[in-house]
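# Structural features, examined
As a plain string of letters, each chain reads:
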Amino acid sequence: MPDSVSPVSFPPSFLWGAATSAYQIEGAVREGGRTPSIWDTFSRTPGRTAGGETGDIAVDHYHRYRDDVALMAELGLGAYRFSVSWSRVQPTGRGPAVQVGLDFYRRLVDELLERGIKPAVTLYHWDLPQELEDAGGWPERDTALRFAEYAQLVGEALGDRVEQWITLNEPWCSAFLGYGSGVHAPGRTDPVASLRAAHHLNLAHGLGVSALRAVLPARARIAVSLNSSVVRPLSQDPADLAAARRIDDLANGVFHGPMLHGAYPETLFAATASLTDWSYVLDGDVRTIHAPVDALGLNYYTPAMVSAAPGEVKGPRADGHGASDHSPWPGADDVLFHQSPGDRTAMGWSIDPTGLYDLLMRYSREAPGLPLYITENGAAYDDKPEPDGSVHDPERIAYLHGHLAEVRRALADGADVRGYYLWSLMDNFEWAYGYDKRFGAVYVDYATLERTPKSSARWYAEAARTGVLPPVEPAV
């Protein structure tokens, strides 16, 4: 059970962490037997990423991990969430592990433990081995079977030292941005493939949980990280309420339905019946997906506001998920997305901390008794060094203060929130945006790869040290 909650401070056991992902920070894409992932291929395809930028070097964490862990310790982080590169460990997505690939993660985990930082391993953060995509990718059932084998290999290698495990990060993005709108790797634009991918990602999660349970010690804790949307109707008109329900099914129910409740929403099947009969959901699949987990990770950045499209107008594309002529919302072309009011980040995302409170309280009801973690939350801003080399980012401090205050409010209202992972530890390769968007609490000079903690990093370190949110730094 969580500690008693103060109205002004966080429980002493609250976990203060930061998060990254392999392709965004590691670099070294051709070292140690690593083969291309779908993001290597996608980023090298002309027109796919800003400026044609790739993660070939990223921030070179592969070679600089010791210094990066020392920086985490300096900032007082209690936990570090990172992902494993599947193609670094299992280059073809099949067969035995490459030990030199696993050795990198063994060294990283050892370094974290020596510094008193808890490692949290995410098995899949979007970088599918290209050979598996060539064989059909996530729309094919076999990819889920391959994921289970990969999960077992990593569990066997790191399970003696790692207690916190996450199967998938944001499967919505993998399925619907990767196979629906095409703004993420592998860049396909097939609405039926995106729905098939969603199911097989769910199946991979369930099979992965079972594979990990078979090899991990009893103390291990297994979770999944969902970027569940806070979907708000533009009005209380019945048509807008119906539009919000359809998007909620596609954003949330498609994953938490089978994972948490053991069933897909019938309303999801009805809304997508013109596209698919869901015959790829085989007997026993949902039971497998419904494998019990020990915690739920939630990633939150901004809410969604939707309405029914008037007349012949079709949507969306004001949904904050990149520019494409193809929608990531299969069967919902008659739903419009609207910008929520208020200030925005450099991503154009509206800033609304109350959405995080609403999300935590929703999942307190959806999954009573299941501990919750915020596994990603943060903001991109156009950070620039001062003449003396320091980097001040009062906007990010205000963003973090607002959202952490809502976490504290949720705790006070009974949500069992155990920890918070800031996204991101450092500036990195921001997917299709290349190096144009900076989410880091640590500034990275991409020419020299020098790391400089921003003022938000110091602010966050003080919050982690005291359990009390420091004042917001005034904007200059």
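Calculation notes
Counting from 1, residues in each chain are numbered in the order their sequence is written. Note on the predicted model: pLDDT of at least 70 is required for a residue's local features to be given, and 80 or more for side-chain atom pairs to be given and counted; whole-chain, interface and lining totals, by contrast, use all residues. The side-chain quantities take in all heavy atoms of the structure and omit both hydrogens and water. UniProt positions are given in the numbering used here, feature names are shortened, and annotations may be inferred rather than shown by experiment. We treat two strands as partners when DSSP finds at least two bridges between them. Helix and strand definitions follow DSSP, with helices as H or I runs of at least four residues and strands as E runs of at least two, each counted in order from the N terminus. Lines fitted to the C-alpha atoms define the axes, with helices restricted to the stretch that makes contact. Angles between their N-to-C directions range from 0 to 180 degrees. Roughly parallel means an angle under 35 degrees; roughly antiparallel means over 145; roughly perpendicular covers 65 to 115; every other angle is labelled oblique. What makes two residues a contact is simply this: any of their non-hydrogen atoms within 4.5 Å. Residues enter a nonpolar core if they are buried and are Ala, Val, Leu, Ile, Met, Phe, Trp, Tyr or Cys, with the set joined through side-chain atoms within 4.5 Å. Exposure categories follow from relative accessible area, calculated using a 1.4 Å probe and restricted to protein chains: below 20% of the type maximum is buried, above 50% is exposed, and the middle band is partly exposed.

You'll find the protein chain entered in an unreviewed UniProt entry as Beta-glucosidase, with Streptomyces albidocamelliae given as the organism. Per UniProt, the comment on the protein chain under Catalytic activity (unreviewed entry) is "Hydrolysis of terminal, non-reducing beta-D-glucosyl residues with release of beta-D-glucose." Here the protein chain is described in UniProt, under the heading Sequence similarities (unreviewed entry), as follows: "Belongs to the glycosyl hydrolase 1 family."

Further remarks concern the sheet that holds strand 6 (residues 231-233). Taken in spatial order, the 3 strands line up as 6-8-9 in an open sheet, and their pairing is mixed. The open sheet has two edge strands, strand 6 and strand 9 (335-338), and neither has a second partner. In this sheet, adjacent strand axes meet at a mean angle of 40 degrees when their direction is disregarded. Pairing of strand 6 with strand 8 (residues 304-308) involves 3 bridges; the strand directions are parallel. If you follow Val231 over to strand 8, its bridge partner there is Ala304.

Where helix 14 (residues 394-412) meets helix 15 (residues 455-466), the axes come as close as 9 Å, and the angle between the chain directions of the two elements is 30 degrees. When the interaxial angle is binned, helix 14 and helix 15 end up roughly parallel. Each of Arg396, Ile397, Leu400, His401 and Leu404 in helix 14 lies in contact with helix 15, whose residues at this interface are Ser455, Ser456, Trp459 and Tyr460.

If you look at soluble globular proteins, the nonpolar side chains tend to sit buried side by side. Counting residues in hydrophobic clusters, the biggest one holds 158 residues, and the most contacted among them are Trp138, Phe147, Trp165 and Val407. If you tally residues by element for this core, the top one is helix 9 (residues 191-215), at 10 residues.

On to the environment of Leu158, then. You can see Leu158 is positioned in helix 7 (residues 141-158). Since its relative accessible area comes to 0%, Leu158 is described here as buried. For the pair Leu158 and Val121, spaced 37 residues apart in sequence, the C-alpha separation works out to 9.1 Å. Contacts of Leu158, omitting those with residues within four sequence positions, involve Tyr105, Arg106, Val109, Val121 and Trp165.

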